[in-house]
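# Fold and contact review
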Amino acid sequence: MPQTVLISLLLLAAVSAVSQPQPETGFLNRSVHVNGMEYPYQVYVPSGYESRTDWPVILFLHGAGERGSDGLAQTEVGIGSAIRRDPGLYRAVVVFPQVPDDRRWPGEAAEAAVTALDATLEEYAVDRDRVYLTGLSLGGNGTWYVAYQHPEKFAAIVPICGWVTGREQAPDWMDAASPREAVTAVAERLQGLPIWVFHGEIDTVVPVEGSRTVVQALRELGADVRYTELPGTGHNAWDPAYRSPDLAAWLLSQKRR
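Right, let's walk through the structure included here. (Residues numbered from 1 in each chain as written. Predicted model: local features only at pLDDT ≥ 70, side-chain atom pairs only at ≥ 80, totals over all residues. Heavy atoms only, no water.)

Bringing the packing of aromatic side chains into the picture now. Counted under the stated rule, the structure contains 10 aromatic pairs. Among the aromatic residues, ring-to-ring pairing joins Phe27, Tyr44, Phe60, Phe96 and Tyr242 into one connected group. In this structure, Arg84 is placed above the aromatic ring of Phe27, and the distance from its NZ or CZ to the ring centre is 4.1 Å. (Phe/Tyr/Trp six-rings, centres within 6.5 Å; stacked < 30°, edge-to-face > 60°. Lys NZ or Arg CZ within 6 Å of the ring centre and 35° of its normal.)

Turning next to the side chain of Arg130. When you line up the elements, Arg130 lands in strand S5 (residues 126-136). Despite its burial, Arg130 remains without a salt bridge, the nearest opposite charge being carried by Asp127 at 4.6 Å. At a separation of 2.5 Å, a polar atom in the side chain of Arg130 contacts the main-chain carbonyl oxygen of Leu252. Ignoring anything within four residues of it in the chain, the contact list for Arg130 reads Arg52, Asp54, Pro56, Val57, Ala155, Leu252, Gln254 and Lys255. (Helix = DSSP H or I, 4+ residues; strand = E, 2+ residues; numbered from the N terminus. Buried < 20%, exposed > 50% of the residue type's maximum accessible area, 1.4 Å probe, protein only. Lys, Arg positive; Asp, Glu negative; His and termini not counted. Salt bridge = Lys/Arg side-chain N within 4 Å of Asp/Glu carboxyl O. Polar contact = N/O pair within 3.5 Å; in protein donor to acceptor, adjacent residues only side chain to side chain. Contact = heavy atoms within 4.5 Å.)

All right, on to the pairing of strand S4 (residues 93-97) then. Most of S4 is tucked away: 5 of the 5 residues are buried. The two faces of S4 match: Val93, Val95 and Pro97 on one face and Val94 and Phe96 on the other face are all buried. Judged from the 4 bridges that link them, strand S2 (residues 37-45) and S4 form a sheet pairing that is antiparallel. By the bridge assignment for S4, Gln42 is matched with Phe96. Sheet topology note: the strand S3 (residues 55-61)/S4 ladder contains 3 bridges and is parallel. In the strand pairing of S4, Val57 is matched with Val93. (Pairing = 2+ DSSP bridges.)

Viewed as axis vectors pointing N to C, helix H5 (residues 179-190) and helix H6 (residues 209-220) meet at an angle of 50°, and their least axial separation amounts to 9 Å. The orientation of H5 with respect to H6, classified from their angle, is oblique. Taken as a pair, H5 and H6 cross one another with a handedness that is right-handed. Together, Arg180, Val183, Val186, Ala187 and Leu190 of H5 and Thr213, Val214, Ala217, Leu218 and Glu220 of H6 make up the contact between the two elements. Per-class residue counts for the contact of H5 with H6 are 7 nonpolar, 1 polar and 2 charged. (Axes fitted to C-alpha atoms, helices over the stretch in contact; angles between N-to-C directions. Parallel < 35°, antiparallel > 145°, perpendicular 65-115°, else oblique. Left-handed = near helix turned anticlockwise from the far one by under 90°. Nonpolar A, V, L, I, M, F, W, Y, C, P; charged D, E, K, R; others polar.)

Side chains bearing opposite charge may pair, as long as their charged atoms lie close to each other. Taken as a whole and judged by the stated rule, the model has 11 salt bridges. For Glu123, the salt bridge identified is with Arg30, shortest N-O distance 2.8 Å. Here Arg30 lies in strand S1 (residues 26-34) and Glu123 lies in helix H3 (residues 108-123), a separation of 93 residues in the sequence. Taking the relative accessible area as the measure of exposure, Glu123 reaches 41% and is therefore partly exposed. Arg256 is the salt-bridge partner of Asp129, the closest N and O atoms lying 3.0 Å from each other. Here Arg256 lies in the segment after helix H8 (245-253) and Asp129 lies in strand S5, a separation of 127 residues in the sequence. Residue Asp129 is classed as partly exposed on the basis of its relative accessible area of 33%. Assessed through its relative accessible area of 35%, Arg256 is described here as partly exposed. The network of salt bridges with common partners includes Glu209, Arg212 and Glu229.

Written out as structure tokens, the structure reads:
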């Protein structure tokens with residue numbers, strides 16, 4: 001090949017590479033519509049995204065304090081905070097839906113969260129066998145709920161300081177006669193999923209029994225469940241959990257069975 005032709009081809013390749021738009025990374029604004037209502041959410045896209053086509057995906061459900069419509073507050077706690085401290089810890093695409101004021105995850109907010117997850121799976125180059133679900137406090141409850149509704153979607157779940165049911169009655173989203181029956185139903189539905197549960201030993205906001213009861217039910221079924229009860233820790237079990245390299249490594253190693 002003549003040298004002038006080779007140089008021309010190399011220049012053409014360089015110009016083509018420069019002209020190709022680079023995908024956006026970082027925390028990106030998105031929204032979905034469910035039943036005529038707009039739900040803002042954010043997607044975290046890690047640096048180096050364009051170098052792979054098999055990114056894992058994490059769906060994160062925030063707590064009560066991050067409810068609203070700004071589409072931002074939910075990224076400032078939990079796994080979002082951990083990512084900002086150490087972007088190398090969770091090399092994954094992360095979806096951050098938001099619950100409107102005075103709502104809970106069970107119901108339409110969870111439907112919007114799953115819709116946002118599905119939109120992300122379509123938009124980005126991801127591994128659908130490495131999709132994970134986690135949440136804290138109100139979002140810990142939401143994690144049990146969303147996993148119960150869609151166990152086939154996830155390779156693993158991590159509920160943090162959450163609960164399935166109160167002491168007096170079964171949740172209104174389940175056809176169960178008692179709290180014990182509700183916990184058993186959730187355990188039976190999720191016994192095939194790898195699960196790691198975290199809770200603070202002295203949590204006064206969400207009593208630790210909220211996690212102990214469902215972990216016990218899962219263990220009675222021989223499920224693959226880990227339980228970390230943080231001694232001397234109150235409600236904020238999420239910072240030590242999400243900042244743990246052990247949790248990040250375990251979560252991102254799971255594949256859908």
